[in-house]
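Single-letter residue listing:
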Amino acid sequence: WDHFQRLILKAKLMTRDSWGKLKVNEKRVAALLALTAVHDIMKMEMLLPELQGEHGPFHGYNAGDTIGDHDVALAYVMEFFPSLLPSFQGLDKEEQAS
């Protein structure tokens, strides 16, 4: 439990108040849940985005390329089309950046 608790604190999912009591960081947990909800959607080939000309190059992809790496594809959508991921778009900018 001690190792898990350190991991949760290091990830800033929980903090300690002035009395040392653990408190949930609701914004951070919401960000983790949003990422959990969308992290593998780009493994579905039909959803892989094509890099738009004005965005290239992007992580080794050029304009017109289909972004085949699911993690890069998700990063691309999060950066340029966040409205396609409402659970991500609903996060504040600080949590989106984390």
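Just above sits the structure.
Below or above, wherever it landed, is the structure these notes cover. (Residues numbered from 1 in each chain as written. Predicted model: local features only at pLDDT ≥ 70, side-chain atom pairs only at ≥ 80, totals over all residues. Heavy atoms only, no water.)

**Some words on the overall build of the protein chain**
(1) Moving on: Across its full length, the protein chain holds five helices and two strands.
(2) Moving on: When the helices and strands of the protein chain are listed from N to C terminus, the series reads α-β-β-α-α-α-α.
(3) Moving on: Scaling as 2.2 N^0.38, a compact globule of 98 residues should have a C-alpha radius of gyration of about 13 Å, whereas the protein chain reaches 17 Å, well beyond that.
(4) Moving on: Structurally, the protein chain occupies a C-alpha span of about 55 × 25 × 20 Å along its principal axes.
(5) Moving on: Out of the 98 residues belonging to the protein chain, those deemed buried represent 26%.
(6) Moving on: Residue pairs in contact within the protein chain that sit at least 24 positions apart in sequence constitute 33% of those at least 6 positions apart. (Helix = DSSP H or I, 4+ residues; strand = E, 2+ residues; numbered from the N terminus. Rg over C-alpha atoms; globule rule 2.2 N^0.38 Å. Buried < 20%, exposed > 50% of the residue type's maximum accessible area, 1.4 Å probe, protein only. Contact = heavy atoms within 4.5 Å.)

**Topic: the side chain of His-55**
(1) Moving on: As for its position among the elements, His-55 is in the loop between α2 (26–38) and α3 (70–80).
(2) Moving on: The class for His-55 is buried, based on a relative accessible area of 13%.
(3) Moving on: With near-sequence residues (within four places) excluded, His-55 lies in contact with Tyr-76, Phe-80 and Phe-81.

**Regarding the nonpolar core**
(1) Moving on: Counting residues in each nonpolar core, the largest one holds 18 residues, and the members touching the most others are Met-42, Leu-51, Phe-58, Ile-67, Leu-74, Met-78 and Leu-85.
(2) Moving on: Going through the elements one at a time, α2 and α3 are the ones with two or more residues in this core.
(3) Moving on: Examining the composition of this core, we find that six residues originate from one element, α3, more than from any other.
(4) Moving on: Those residues within four positions of Phe-58 in sequence are excluded, and the remaining contacts are Leu-51, Ile-67, Val-72, Ala-75, Tyr-76, Glu-79 and Phe-80. (Core = buried A, V, L, I, M, F, W, Y, C linked by side-chain atoms within 4.5 Å.)

**Re the environment of Tyr-76**
(1) Moving on: Along the chain, the position of Tyr-76 falls in helix α3.
(2) Moving on: Classification of Tyr-76 by relative accessible area gives buried; the value is 0%.
(3) Moving on: Between the alpha carbons of Tyr-76 and Glu-50 there is a distance of 9.7 Å; along the sequence they are 26 residues apart.

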